[in-house]
Amino acid sequence: MSASDAIVHVPLGERAYDIRIGHGLIERAGELIGAATPGAACAIVTDENLARTHLPALERSLEAAGIRHAQVVCPPGEATKCYRWFETVCDAIIGARMERGDVVVALGGGVIGDLAGFAAAVVRRGMRFVQIPTSLLAQVDSSVGGKTGINSPHGKNLVGAFHQPSLVLADVGVLDTLPEREFRAGYAEVAKYGLIDDPAFFAWLEENHRGVFAGGPERAHAIQTSCAAKAAVVVRDETEQGDRALLNLGHTFAHAFERLTHYDGARLVHGEAVAIGLVCAFRFSAALGLCSGQDAGRVEGHLRTVGLPTRIRGIPGWDGDAAAILDAMFQDKKVKRGALTFILARGIGQSFISRGVEPSSVREFLDAELARA
Ligand SMILES: NC(=O)c1ccc[n+]([C@@H]2O[C@H](COP(=O)([O-])OP(=O)(O)OC[C@H]3O[C@@H](n4cnc5c(N)ncnc54)[C@H](O)[C@@H]3O)[C@@H](O)[C@H]2O)c1
Ligand SMILES: O=C(O)C(=O)C[C@@H](O)[C@H](O)[C@H](O)COP(=O)(O)O
Ligand SMILES: [Zn+2]
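Just so it is clear, the model here is predicted, and its values are computed rather than measured. (Residues numbered from 1 in each chain as written. Chains lettered and ligands numbered in written order. Predicted model: local features only at pLDDT ≥ 70, side-chain atom pairs only at ≥ 80, totals over all residues.)

Draft legend 1. Spotlight on the site of ligand 1. The environment of ligand 1 is made up of 32 residues, and the closest members are N49, G109, G110, S135 and S142. Within the residue set of the shell around ligand 1, elements represented by two or more residues are α2 (48–53), α5 (110–122), α6 (136–142), α7 (180–197) and α11 (270–287). Its residues assigned to classes, the shell around ligand 1 shows 10 nonpolar, 15 polar and 7 charged. (Near = placed C-beta within 6 Å. Helix = DSSP H or I, 4+ residues; strand = E, 2+ residues; numbered from the N terminus. Nonpolar A, V, L, I, M, F, W, Y, C, P; charged D, E, K, R; others polar.)

Rendered as structure tokens:
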């Protein structure tokens, strides 16, 4: 145990768990997983990048704690969140004779977390699950809250389950090996929490983003603030019957862009799609007269300052039209009785759920965005 770890508790009754944020957590994973799930063996799910960098330390730690472990290594990238790799991961866990009481450990970014979590939700009708998020995005968002799943050719995350982890170990030190593009992409989800309901945090990010990117103490503060923000929403509405949809700010747009680029991370990764989606959500809100153009400009300005893409027309290799985006949006899980739902905003930190948004107004907005120089 280290006195300097921060802990965000997620009080979900019998599914309650801790998010531990600190340094050297992979080296201490054996001890921490052993304490959270005594006597359990571990099926580690990871990708090739993590297998090279941080898997050996995790294996040493499990061995030192006397924990039996097996692993399955997947290719990196969004395309892995698919039926084929889901089958491979499930069968690897089963083939390693992992029992229902054993633990699936996700060592990786959001792709691995979502895929491994979904396997944990269904193998032997539900195994325990530990998240060791290694990307900024996974540490601030995907490892928390229990959304797991894979993509369909029809749309993002369309097959999945809610399955909460038993423990989250966010080792801030592992971010030192994360490629800069991926760190930046994860920052979009950090900014999202300020934009949802915490204008002071967004203003803090505007002032302190350099420290977050440089790995100063601001980084751990941003991760902790993000986890606490997400945990608070998840505790209010675990399975997205209402308020949890706020965490989807920017995502009705983002998921359409990801599907239209065929989940090709070389062109667009999730966090980049979210950055463009956040700008769209605010610009759409401004176009509808809900929020000021000044606030929409502030959102775009900040994301552009940190180097994130902000324009639909900037998506590499995609030159489609508004009809294609709108068509993809109709596969969104927030669609209700055929009507679109968007998370819109009355200002920075003042987002709200808007049901039954007219497709014609979305179409008009998208046409104008696509015509933007
Ligand atoms: N479940 C949720 O609540 C939730 C929330 C947000 C996003 N997501 C999902 O998360 C996914 C995106 O996650 P992501 O941005 O982490 O992408 P990712 O999992 O593809 O990871 C990004 C890249 O960085 C590499 N990487 C990760 N950690 C590294 C490290 N420490 N050192 C070196 N390389 C490292 C990975 O191998 C990969 O190539 C999307 O599928 C998205 O839909 C889920
Ligand atoms: O946890 C949530 O709830 C979110 O919406 C977080 C999002 O950042 C994340 O991308 C999530 O996977 C999207 O969920 P989906 O239900 O729209 O697929
Ligand atoms: Zn997201």
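Next comes the rest of the description.
Draft legend 2. Region of the structure containing the pairing of strand β6 (residues 128–133). Burial analysis of β6 places 6 of its 6 residues in the buried class, which makes it a mostly covered element. Side chains R128, V130 and I132 project from β6 onto one buried face, and the interleaved F129, Q131 and P133 project onto a second face that is buried too. The sheet contact formed by strand β5 (residues 103–108) and β6 spans 6 bridges and is parallel. When the sheet's bridge partners are listed, G108 is paired in β6 with P133. Following the chain from β5 across α5 to the adjacent parallel β6, one finds a crossover that is right-handed. (Buried ≥ 20, exposed ≤ 12 C-beta atoms within 10 Å, placed from the backbone. Pairing = 2+ DSSP bridges. Right-handed = clockwise from strand over helix to strand, strands pointing away.)

Draft legend 3. Local environment of the domain arrangement of the protein. In terms of domain boundaries, the protein breaks down into domain 1 (6–177) and domain 2 (180–371). Taking only C-alpha atoms, the centre of domain 1 and the centre of domain 2 are 25 Å apart. The partner domain 2 presents 31 residues to the 29 residues of domain 1 that form the contact. Sorting the residues of the side of domain 1 that touches domain 2 by element identifies β1 (6–10), β2 (17–22), α6 and β8 (155–162) as the ones contributing at least two each. Looking at which element gives the most residues to the side of domain 1 that touches domain 2, the answer is α6, with 5 residues. When the residues that make up the side of domain 1 that touches domain 2 are grouped by side-chain class, the tally is 17 nonpolar, 8 polar and 4 charged. (Domains from an automatic or database assignment. Contact = placed C-beta atoms within 7 Å.)

Draft legend 4. Focus on the packing of α7 against helix α8 (residues 199–214). The interhelical angle for the contact between α7 and α8, taken along N-to-C directions, is 140°, at an axis separation of 6 Å. The angle between the axes of α7 and α8 places the two elements in the oblique class. Seen from above, α7 lies across α8 with left-handed handedness. Where α7 approaches α8, its residues V190, A191, Y193, G194 and L195 are matched on the opposing element by P199, F201, F202 and L205. (Axes fitted to C-alpha atoms, helices over the stretch in contact; angles between N-to-C directions. Parallel < 35°, antiparallel > 145°, perpendicular 65-115°, else oblique. Left-handed = near helix turned anticlockwise from the far one by under 90°.)

Draft legend 5. Examining the nonpolar core more closely. In this structure, V45, V89, V104, L115, A119, L278 and A281 are the most contacted members of the largest nonpolar core, which totals 120 residues. Beyond its immediate sequence surroundings of up to four residues, A119 is in contact with V45, F86, V89, C90, I93 and V104. (Core = buried A, V, L, I, M, F, W, Y, C linked by C-beta atoms within 7 Å.)

Draft legend 6. Inspection of the confidence of the model for the protein at higher detail. The predicted model of the protein averages 97 in pLDDT, with 99% of residues at 70 or higher. Among the scores for the predicted complex, ipTM is 0.99 and pTM is 0.98. (pLDDT = per-residue confidence, 0-100.)

Draft legend 7. Just the site of ligand 2, in detail. Every residue near ligand 2 is listed here: D141, G145, K147, K156, N157, E189, E240, R244, L247, N248, H251 and K333. Of the residues that constitute the shell around ligand 2, the class distribution is 1 nonpolar, 4 polar and 7 charged. Residue assignment places the shell around ligand 2 across two domains, with domain 1 (6–177) and domain 2 (180–371) each supplying three or more.

Draft legend 8. Quick look at the UniProt feature "domain: 3-dehydroquinate synthase N-terminal" (unreviewed entry) in the protein. Under the local residue numbering, the UniProt record ascribes the feature "domain: 3-dehydroquinate synthase N-terminal" (unreviewed entry) to residues 72–184. A distance of 28 Å separates the end C-alpha atoms of residues 72–184, which is 34% helix and 30% strand. (UniProt positions renumbered as here; feature names shortened; annotations may be inferred.)

Draft legend 9. Just the packing of helix α10 (residues 251–260) against α11, in detail. One can describe the packing of α10 onto α11 by two numbers: an axis separation of 7 Å at closest approach and a directional angle of 135°. Relative to α11, the element α10 is oriented oblique. The chirality of how α10 crosses α11 is right-handed. Taken together, the residues of α11 that come into contact with α10 (itself represented by H251, F253, A254, F257 and E258) are H270, A273, V274, I276, G277, C280 and A281. Looking at side-chain class alone, the contact of α10 with α11 contains 8 nonpolar, 3 polar and 1 charged residues.

Draft legend 10. Local environment of the UniProt feature "binding site: NAD(+)" (unreviewed entry) in the protein. Per the UniProt record, "binding site: NAD(+)" (unreviewed entry) is found at G110, V111, I112, G113, D114, T134, S135, K147 and K156. Checked against the element boundaries, G113 lands in helix α5. Relative to the helices and strands, K147 is located in strand β7 (residues 147–152). Owing to 24 C-beta atoms within 10 Å, K147 belongs among the buried residues under this scheme. Excluding residues within four positions of it along the chain, K147 makes contact with G160 and F162.

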